[in-house]
Amino acid sequence: MSALQNDTLLRALAREPTDHTPIWLMRQAGRYLPEYNTTRARAGSFLGLAKNPALACEVTLQPLERFALDAAILFSDILTVPDAMGLGLGFAEGEGPRFERPLRDEAAIARLAVPDPCTDLRYVLDAVREIRRALAGRVPLIGFSGSPYTLACYMVQGTGSGDFAELKRMLYARPDLLHRILAVNCQAVTDYLNAQIEAGAQAVMLFDTWGGNLSTAGYEEFSLAYLRRVVAALRRESEGRRVPVILFTKGGGQWLEAMAASGCDALGLDWTTDLAEARKKVGARVALQGNLDPAALLAPADRIRSEARRVLDAFGKHRGHVFNLGHGITPSTPVDAVAALVDEVRTYSRRLRAQPG
């Protein structure tokens, strides 16, 4: 594998000095880019795009051609794992993901098995290898997975939801069944991320998108306990360098200290968490990633730039900050808005570091 020309992201995640704050964006390869929409049309569908390693590589690299980003993130979907378990994933236009066979009965849950990533998810690993070759050491590649709990939300509910009522019904009425699903998911996510690292991912991220819908006791029992198990079982070195793990629980700002003690290297923050307060709470234990409101990118360029400076000022000149959004880019985001954001983060963070004191 080629030596990294820009390792700013990995150094920031290790809380080492950097000459600027690295920036990458959740969903940076997506529908806001006209070239992405062209490639997706060629693929015929979202799943057709995700399951074609050459096209997945193409869209992964598209934002790097436009913007001075410090990382690529694998183009895939968090629901590839339950799809490989045979739940029948589909994407209806304008409706989002839907499983044909959601987990509602005891027999189906008992049959649930951990997929082999090297066979059942080989297309993802092939994409990782192809992206690494195409990057040729330009920036690091981030791999990812959904968290055990977030995957379970979709697997039980069968689709996205405002309240995940079916999942919550199982959590309170039959927690034993939910723990069975979570145990399978935990092993599946661990195997999947380790396979991504083996294929060439240089950092990995756990997306616990729905962990914030739990009570504090529920978060510990049904999400964080399994996240700790995943993190503890991950391969943490590859190609002679540490492979950092980023944990992102959307809506999890009240549990930062418990999350920081999970064994991860960095915490992703949504925009509802105060970055300065978060840094005070976790201190030097982990790096922090975030946390601009994605809706700020719908504003005029001067407001985008001032909001970027506000985030950077909130973290200050300390080590260990990765600039990102508090969630994914929305499809209606103008391309010029992303260009303004990336430019401001790079130029202002350099200036911030150059100031005395």
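The model shown is predicted, which means the values in this text are computed figures rather than measured ones.

Examining the overall build of the chain
Per the secondary structure count, the chain includes 16 helices and 11 strands. For the chain, whose C-alpha radius of gyration is 19 Å, the value lies close to the compact-globule estimate of 21 Å for 357 residues. A burial count over the chain gives 57% of its 357 residues as buried. For the chain, the proportion of contacts with a sequence separation of at least 24, taken over those separated by at least 6, is 73%. Working note: accessible area of the chain is about 13800 Å², and carbon and sulfur atoms make up 49% of it. The average position of the 42 basic charges and that of the 40 acidic charges among the side chains of the chain differ by 3 Å.

So, the environment of Asp191
Secondary-structure assignment places Asp191 in helix α11 (residues 175–199). Its relative accessible area of 26% is what places Asp191 among the partly exposed residues. Taking the C-alpha atoms as reference, Asp191 lies 8.7 Å from Pro115; in sequence the two are 76 residues apart. Sequence-distant contacts of Asp191, that is, excluding residues within four places in its chain, are made with Val114 and Pro117. In terms of polar contacts, Asp191 uses its side chain to reach the side chain of Gln187, at 2.8 Å.

Examining the pairing of strand β5 (residues 203–208)
Of all six residues in β5, six are buried, a share of seventy percent or more. Of the two faces of β5, both are covered, the one formed by Ala203, Met205 and Phe207 as well as the one formed by Val204, Leu206 and Asp208. The pairing of strand β4 (residues 141–146) with β5 spans five bridges and is classified as parallel. When the sheet's bridge partners are listed, Ser145 is paired in β5 with Leu206. In this structure, β5 lies alongside strand β8 (residues 245–249), joined through five bridges in parallel fashion. Bridging across to β8, Met205 finds its partner in Ile246.

A word on the packing of helix α9 (residues 148–157) against helix α10 (residues 165–173)
Where α9 meets α10, the closest approach of the two axes is 7 Å, and the angle between their N-to-C directions is 105°. Between α9 and α10, the interaxial angle falls into the category roughly perpendicular. In this structure, α9 uses Tyr149, Ala152, Cys153, Val156 and Gln157 to contact α10, whose residues at the interface are Ala165, Glu166, Leu167, Lys168 and Met170. Looking at the contact of α9 with α10 residue by residue, the classes come out as seven nonpolar, one polar and two charged.

Here we look at empty space enclosed by the protein
Tallied over the full model, the rule gives one cavity of 30 Å³ or more. In this model, the largest cavity occupies a volume close to 30 Å³. Lining the largest cavity, in full, are Thr21, Leu312, Phe315, Gly316, His321, Ser349, Leu352 and Arg353. Listed by contribution, the elements that provide at least two residues to the lining of the largest cavity are α15 (301–315) and α16 (335–354). By residue class, the composition of the lining of the largest cavity is three nonpolar, four polar and one charged.

Here's the deal with the state of the cysteines
In total, this model carries zero disulfides according to the counting rule given. The thiol of Cys153 is unpaired, and the distance to the nearest cysteine sulfur, on Cys186, comes to 15 Å. Look at Cys153 and you get buried, because its relative accessible area is 0%. Cys264 forms no disulfide, and the closest cysteine sulfur to it belongs to Cys186, at a distance of 15 Å.

Considerations on helix α14 (residues 275–282)
Buried within α14 are the following residues: Leu275, Ala278 and Val282. The buried residues of α14 occupy one face: seen down the axis, they fall within an arc of 55°. Buried residues in α14 make contact with α13 (256–260), β9 (266–268), β10 (287–289), α15 and β11 (321–322). Here α14 starts with a cap whose side-chain oxygen sits 3.1 Å from the backbone nitrogen of Ala276, and that cap is Asp274. Looking one or two places after α14, you find Gly283, whose phi comes out positive at around 55°.

With respect to the nonpolar core
Nonpolar side chains in soluble globular proteins tend to end up buried together. Ranked by size, the top nonpolar core spans 130 residues in total, and within it Leu267 and Leu341 carry the most contacts. Considering each element in turn, this core owes the most residues, 13 residues, to α11. Aside from chain neighbours lying at most four places away, what touches Leu341 is Ile23, Leu25, Leu292, Leu297, Ile304, Ala308, Phe323 and Leu325.

Some details on the sheet that holds strand β1 (residues 72–73)
Across the sheet, which stays open at both edges, the seven strands sit in the order β1-β4-β5-β8-β9-β10-β11 with parallel pairing between neighbours. If you trace the sheet from one side to the other, it starts and ends with β1 and β11, each paired once. The strands touched by α11 within the sheet are β4 and β5, with β4 carrying the most contacts at an inclination of about 170°.

Side note on the packing of aromatic side chains
As enumerated under the stated definition, the model contains eight aromatic pairs in all. Plain terms: the ring middles of Phe46 and Phe75 are 5.7 Å apart, the flat faces sit at 65° to each other, and that makes the pair edge-to-face. Residue Phe46 is located in helix α3 (residues 46–50), and its partner Phe75 is located in the loop between β1 and α5 (80–84); the two are separated by 29 residues in the primary sequence. You can call Phe46 buried: its relative accessible area is 12%. The exposure class assigned to Phe75 is buried, which follows from its relative accessible area of 7%. With 5.8 Å between their ring centres and 80° between their planes, Tyr154 and Phe164 make a pair best called edge-to-face.

Rules used throughout
- Residues numbered from 1 in each chain as written.
- Predicted model: local features only at pLDDT ≥ 70, side-chain atom pairs only at ≥ 80, totals over all residues.
- Heavy atoms only, no water.
- Helix = DSSP H or I, 4+ residues; strand = E, 2+ residues; numbered from the N terminus.
- Rg over C-alpha atoms; globule rule 2.2 N^0.38 Å.
- Buried < 20%, exposed > 50% of the residue type's maximum accessible area, 1.4 Å probe, protein only.
- Contact = heavy atoms within 4.5 Å.
- Areas by Shrake-Rupley, 256 points an atom, 1.4 Å probe, with all protein chains shown as cover.
- Lys, Arg positive; Asp, Glu negative; His and termini not counted.
- Charge placed at Lys NZ, Arg CZ, Asp CG, Glu CD.
- Polar contact = N/O pair within 3.5 Å; in protein donor to acceptor, adjacent residues only side chain to side chain.
- Pairing = 2+ DSSP bridges.
- Axes fitted to C-alpha atoms, helices over the stretch in contact; angles between N-to-C directions.
- Parallel < 35°, antiparallel > 145°, perpendicular 65-115°, else oblique.
- Nonpolar A, V, L, I, M, F, W, Y, C, P; charged D, E, K, R; others polar.
- 1 Å grid on protein atoms, 1.4 Å probe; cavity = no way out; pocket = protein on both sides within 12 Å on 5 of 7 lines; lining within 4 Å.
- Points joined across faces, edges and corners; volume = space filled by probe spheres on them.
- Disulfide = S-S within 2.5 Å.
- Arc of directions from axis to C-beta.
- Core = buried A, V, L, I, M, F, W, Y, C linked by side-chain atoms within 4.5 Å.
- Phe/Tyr/Trp six-rings, centres within 6.5 Å; stacked < 30°, edge-to-face > 60°.

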